[in-house]
Amino acid sequence: MSTTAVDQTPSVEMSRESPDHVRISLAAAMVLGVRPGRFYRDVRLHCINLLLTYADGCNANCAYCGLSRRRAGGYGERSFIRVDWPTLPTDEVVARMERYSAAVARVCVSMVSHRRAYEDTVDIIRRIHSRVDAPISALIAANLFDRDRLTEFRQLGVDTIGVGLDATSETAFERTRGRRARGPLSWRQYWQTIEEARQIFGPFKVNAHVMVGIGETDRQFVDVIARLQEMEVNAYLFSFYPEVDSPMARRRRPSLRRFRRLQLAKYLLQRGCLGVGDVVYDEAGRIHRLDVLPSSMEQAIASGEPFLTGGCAGKDGSLACTRPFGSYRPGEPFRDFPFQPTGEDVARVRRELGW
Ligand code: SF4
């Protein structure tokens, strides 16, 4: 983002910053009665996703992100994962979460990389925890954390930590988020934070968001999934989708076939039906075949489960954070399904897998 964009940010936005204000996802705004409407195929969300907001935006400079410093426009106007995130007073959002508590299975506070973000997130989590009886996730800016801060989050009542690792190779990380993108983030530090969070929060109480299509090979992707699984850290898959005006706006999306095969490989790896050595790649490094029992493969595909959205669960263990349309637009094939796919959906997935 140019400095001009920062300088021209309207003063009204200056007063609508965290911790007294937060942005909420469009889907969450619908759940809380702030915005009218329904999603395609009546997709529902049970997680209230909040995002910190600052007039001078996020300090990081991730090349694919709608909040990137280099992207034009004031921070408060920028879309994030291509949808509008309205800004509201934090206390109003908390009051609405109390009022609509039956529809709120989880709350997630997403940080941005900003000098005040840690203290402000603590403040916001306290406000939520004192009034809302739902488990809380924090999708943290890993570069702002050490062991003490992670421990403090746990003591505040956060039960799950998410880390937006996004890239699954060091080179892709450096190119899209690190020094080569003129960003402050470090691959090594992200992994250290994941490791420390895992130690403090316990098995499968930490997740890494990982994105297909930002410069990694299939093998690198599969290796990272296996590494996370060994650490007992969840991996939630996203498919790259270009944000208008971001530095990667012209990059092509990964093919549906590639994404489906990685979803399936991940599922089978996590269930112990597949080892990293059982994934066969072609000369271009793409998944060619998965050497698993045909019955395991068939069972997995027929269940539809490998293709569900990966996200944190509510108290009852069912998927709460479905992030509708995080990786695709309404009307397009669901890259991940925020509901149990129908028989027709599964038939389509089989064709997309191309086996
Ligand atoms: S899956 Fe959803 S609730 Fe969990 S950390 Fe990620 S954004 Fe937050």
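Residues numbered from 1 in each chain as written. Predicted model: local features only at pLDDT ≥ 70, side-chain atom pairs only at ≥ 80, totals over all residues. Heavy atoms only, no water.

Asks: Explain the site of the ligand here, please?
Replies: The environment of the ligand is made up of Cys47, Asn49, Cys108, Ser137, Gly162, Asn207, His209, Tyr236, Gly311, Cys312, Cys321 and Arg323. Those elements that place two or more of their residues in the shell around the ligand are strand 2 (47-51) and strand 7 (206-212). When its residues are assigned to classes, the shell around the ligand shows five nonpolar, six polar and one charged. (Near = heavy atom within 4 Å. Helix = DSSP H or I, 4+ residues; strand = E, 2+ residues; numbered from the N terminus. Nonpolar A, V, L, I, M, F, W, Y, C, P; charged D, E, K, R; others polar.)

Asks: I would appreciate a short explanation of the pattern of salt bridges in the present structure.
Replies: Two side chains that carry opposite charge are able to pair once their charged atoms sit near each other. One pass over the full model with this rule turns up 22 salt bridges. Across the salt bridge formed by Arg96 and Glu92, the nearest N and O atoms sit 3.0 Å from each other. On the criterion of helical spacing, the pair formed by Arg96 and Glu92 is a turn pair, its members being four residues apart in helix 4 (residues 90-99). Owing to a relative accessible area of 30%, Glu92 belongs among the partly exposed residues under this scheme. With a shortest N-O distance of 2.7 Å, Glu352 and Arg260 are connected by a salt bridge. One end of the pair, Glu352, is in helix 12 (residues 343-353); the other, Arg260, is in helix 10 (residues 256-270), with 92 residues separating them in the sequence. Neither residue differs from the other here; Glu352 and Arg260 are each classed as buried. A network of salt bridges, in which partner residues are shared, links Asp20, Asp91, Asp123 and Arg127. (Salt bridge = Lys/Arg side-chain N within 4 Å of Asp/Glu carboxyl O. Buried < 20%, exposed > 50% of the residue type's maximum accessible area, 1.4 Å probe, protein only.)

Asks: When you look at the nonpolar core in this model, what are you seeing that I'm missing?
Replies: General note: in soluble globular proteins, nonpolar side chains tend to be found buried as a group. Leu50, Met97, Ile128, Phe153, Ile161, Leu165 and Leu290 are the most contacted members of the largest nonpolar core, which totals 110 residues. Residues within four places of Met97 in sequence aside, it is in contact with Leu32, Ile48, Leu50, Val104, Val107, Ile128 and Val132. Counting five residues, the second-largest nonpolar core is a separate cluster that includes Cys47, Cys108, Leu139 and Cys321. (Core = buried A, V, L, I, M, F, W, Y, C linked by side-chain atoms within 4.5 Å. Contact = heavy atoms within 4.5 Å.)

Asks: Can you help me understand the environment of Asp159 in this one?
Replies: Topologically, Asp159 is positioned in strand 6 (residues 158-166). Judged by relative accessible area, Asp159 falls into the partly exposed class, the value being 23%. Considering only alpha carbons, one finds Asp159 and Ser137, 22 residues apart in sequence, at a separation of 6.1 Å. Dropping the residues within four chain positions of it, Asp159 is found in contact with Arg106, Pro135, Ile136, Ser137, Phe201 and Lys205. A distance of 3.0 Å separates the side chain of Asp159 from the side chain of Thr160, its partner in a polar contact. (Polar contact = N/O pair within 3.5 Å; in protein donor to acceptor, adjacent residues only side chain to side chain.)

Asks: Explanation requested: the pairing of strand 6 in the structure shown.
Replies: Sheet faces and side chains relate simply in a regular strand, where the side chains alternate between the two faces. Burial analysis of strand 6 places eight of its nine residues in the buried class, the great majority of the element. Pairing geometry for strand 6 and strand 7, over four bridges, is parallel. From the neighbouring strand, Gly162 faces strand 7, where its bridge partner is Asn207. (Pairing = 2+ DSSP bridges.)

Nothing here speaks to function; it is geometry throughout.
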